[in-house]
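Take a look at the letters that make up each chain.
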Amino acid sequence: MVSALIERELSAETFPIRHGVFVAVVGPSGAGKDTVIGYARTLFADESRLEFVRRVITRPSDTASEDHDTLADAAFVEAEADGAFAISWEAHGLRYGLPADVDWSVANGHVAVANVSRAIIPTLRERYANLAIVEITASPDVLAERLAMRGRESRGEVLARLARSANVTLTGPGVTTIDNSGPREVAGERFAELLRKAMAFSDMSGLI
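Residues numbered from 1 in each chain as written. Predicted model: local features only at pLDDT ≥ 70, side-chain atom pairs only at ≥ 80, totals over all residues. Heavy atoms only, no water.

## Focus on the overall build of the protein chain
- Within the protein chain, the secondary structure is distributed over eight helices and nine strands.
- Looking at the protein chain as a whole, 46% of its 208 residues qualify as buried.
- Counted over contacts in the protein chain with a minimum sequence separation of 6, partners at least 24 positions apart contribute 72%.
- Accessible surface for the protein chain amounts to roughly 10,800 Å². Of this, 53% is attributable to carbon and sulfur atoms. (Helix = DSSP H or I, 4+ residues; strand = E, 2+ residues; numbered from the N terminus. Buried < 20%, exposed > 50% of the residue type's maximum accessible area, 1.4 Å probe, protein only. Contact = heavy atoms within 4.5 Å. Areas by Shrake-Rupley, 256 points an atom, 1.4 Å probe, with all protein chains shown as cover.)

Encoded structure:
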């Protein structure tokens, strides 16, 4: 099993993992995190140093959400126990996981990009020596409009979600905030520039 091999190669003594960079994309629902990531994925389609991590979620994939792998709750818990994930968490009644080979990618000087929960930032800081946090935001009106267009939640649920997001403040080093209230190209280009810097940093880190 791939995860077992990675565990053998990455003992506890190797943490935090160095050489590469982990780019954690965070932000409230409706901010357009997947849109900004998708813009960069297209722009850097031929860039082998970048890995856009495909998440595993206990939610069916559909055209209205990100392209992800799906597991039922029981299967997710079993995979988690078998070491299939580098990082896993729960949010909004769902389970999320990042495949274990993300650790291998970062250890080998790549830049791994993933949409994650703000709640796991402390865990990421302990696991990856080079962590860049990108907070994608948008104005309250834009967030409300985008969430309503999804049609997944009632008006009350949308308002409650926005209220929770407003009370969360990111602190610590390595945080960049990108406003995605306007055209996606504007936020996309800012994100792309950050990824270029991360790749340049990982190239230098590998020489040390």
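## Topic: the nonpolar core
- Counting 26 residues, the largest nonpolar core has V23, L50, V111, V113, F191 and L195 as the members making the most contacts within it.
- Of the residues forming this core, the biggest block, seven residues, is contributed by helix α8 (residues 184-205).
- Apart from residues no more than four positions distant in its own chain, V111 is found in contact with V21, V23, R49, L50, E51, A198, M199 and S202.
- Among the nonpolar cores identified, the runner-up in size contains 24 residues, and I87, W89, I120 and L124 belong to it. (Core = buried A, V, L, I, M, F, W, Y, C linked by side-chain atoms within 4.5 Å.)

## Here we look at the pairing of strand β1 (residues 21-26)
- Extensive coverage of β1 is indicated by the burial of six of its six residues.
- Residues V21, V23 and V25 line one face of β1 and the alternating positions F22, A24 and V26 line the opposite face, and both faces are buried.
- By the bridge criterion, five bridges tie β1 to strand β7 (residues 111-115) in an arrangement that is parallel. Its bridge partner being in β7, V23 is matched across the sheet by V113. (Pairing = 2+ DSSP bridges.)

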